[in-house]
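Below are the chains, spelled out letter by letter.
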Amino acid sequence: EVQLLESGGGLVQPGGSLRLSCVASGFIFSTYAISWVRQAPGKGLEWVSAISGSSASIYYGDSVKGRFTISRDNSKNTLYLQMSSLRAEDTAVYYCAKVRGGSYYVIDYWGQGTLVTVSS
Amino acid sequence: QSALTQPASVSGSPGQSITISCTGTSSDVGGYNYVSWYQQHPGKVPKVVIFDVSNRPSGVSNRFSGSKSGNTASLTISGLQAEDEADYYCASYTSSSTLVFGTGTKVTVL
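About the criteria used
Residues numbered from 1 in each chain as written. Chains lettered and ligands numbered in written order. Predicted model: local features only at pLDDT ≥ 70, side-chain atom pairs only at ≥ 80, totals over all residues. Heavy atoms only, no water. Helix = DSSP H or I, 4+ residues; strand = E, 2+ residues; numbered from the N terminus. Rg over C-alpha atoms; globule rule 2.2 N^0.38 Å. Contact = heavy atoms within 4.5 Å. Areas by Shrake-Rupley, 256 points an atom, 1.4 Å probe, with all protein chains shown as cover. Disulfide = S-S within 2.5 Å. Buried < 20%, exposed > 50% of the residue type's maximum accessible area, 1.4 Å probe, protein only.

### Observations concerning the overall build of chain B
- Summing up its helical and strand segments, chain B has zero helices and nine strands in all.
- The secondary structure elements of chain B, listed N-terminal to C-terminal, are β-β-β-β-β-β-β-β-β.
- In summary, chain B has a C-alpha radius of gyration of 13 Å against a globular reference of 13 Å for 110 residues, a match within 12%.
- Along the longest, intermediate and shortest principal axes, the C-alpha atoms of chain B span 40 × 25 × 25 Å.
- Partitioning the contacts of chain B with sequence separation of at least 6, the portion at a separation of at least 24 is 56%.
- As displayed, chain B offers around 4,700 Å² of accessible surface, 44% of which is attributable to carbon and sulfur atoms.

### A few points about the state of the cysteines
- Under the defined criterion, the tally for this structure stands at two disulfides over all chains.
- Across a sulfur-sulfur distance of 2.1 Å, C22(A) and C96(A) are joined as a disulfide pair. One disulfide, between C22(A) and C96(A), carries an S-S torsion of -70 degrees and so falls in the left-handed class. Residue C22(A) is located in strand β3 (residues 18-25), and its partner C96(A) is located in strand β9 (residues 92-99); the two are separated by 74 residues in the primary sequence.
- Here C22(B) engages in a disulfide with C90(B); their sulfurs sit 2.0 Å apart. The disulfide joining C22(B) to C90(B) has a torsion of about 75 degrees about its S-S bond and is therefore right-handed. Taken together, the residues span a long stretch of sequence, with C22(B) in strand β2 (residues 18-23) and C90(B) in strand β7 (residues 86-93) at a distance of 68 residues. The pair formed by C22(B) and C90(B) is uniform in burial state, with each residue classed as buried.

In structure tokens, the structure reads:
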């Protein structure tokens, strides 16, 4: 059974930093691209970033480019999102999402999410 | 990258068919056959119901169908049921090798 478990969310002040983690199980982690997708309270989905299985390809959405860094450790089946220069508008539930094999960003499994609140 | 445009809400009676539109540009929806649709019930994580414009994942009801014309993709739900009441989001691969979601549509079963 595929499982994605996010952690690291919490309350942080504007301008601060936070690192999210996502531990995966139930599939061969190193062979799949993974995305981060966020959803502000009561709002829609926003794609944040993606990383290929080998980390050779990394992409970011315009709203986080230059502030967020995605990475993965395939030996630990873990995905990370280092977030810096956080703003109030970054407040959201952050989902770790597995990309369906051979697809262009089709998400077939989602974690339960971790809430990040940016506020003073 | 601007969000794809969807109607805020669509409603229908049980048994009817409804269609949700998703409008983008030639750099996303119009340029690739990589449009997906996600269903999200309140308090739940999204679930893909259509991928690559018109393909249904295993286990998804055949009442869900997708299509595309130019820069606009569409999701049709036929034989509307109470369990279909949810938020629906389209998503498209883009020319920047990123993903963009739609603004979301709330489907109400009357």
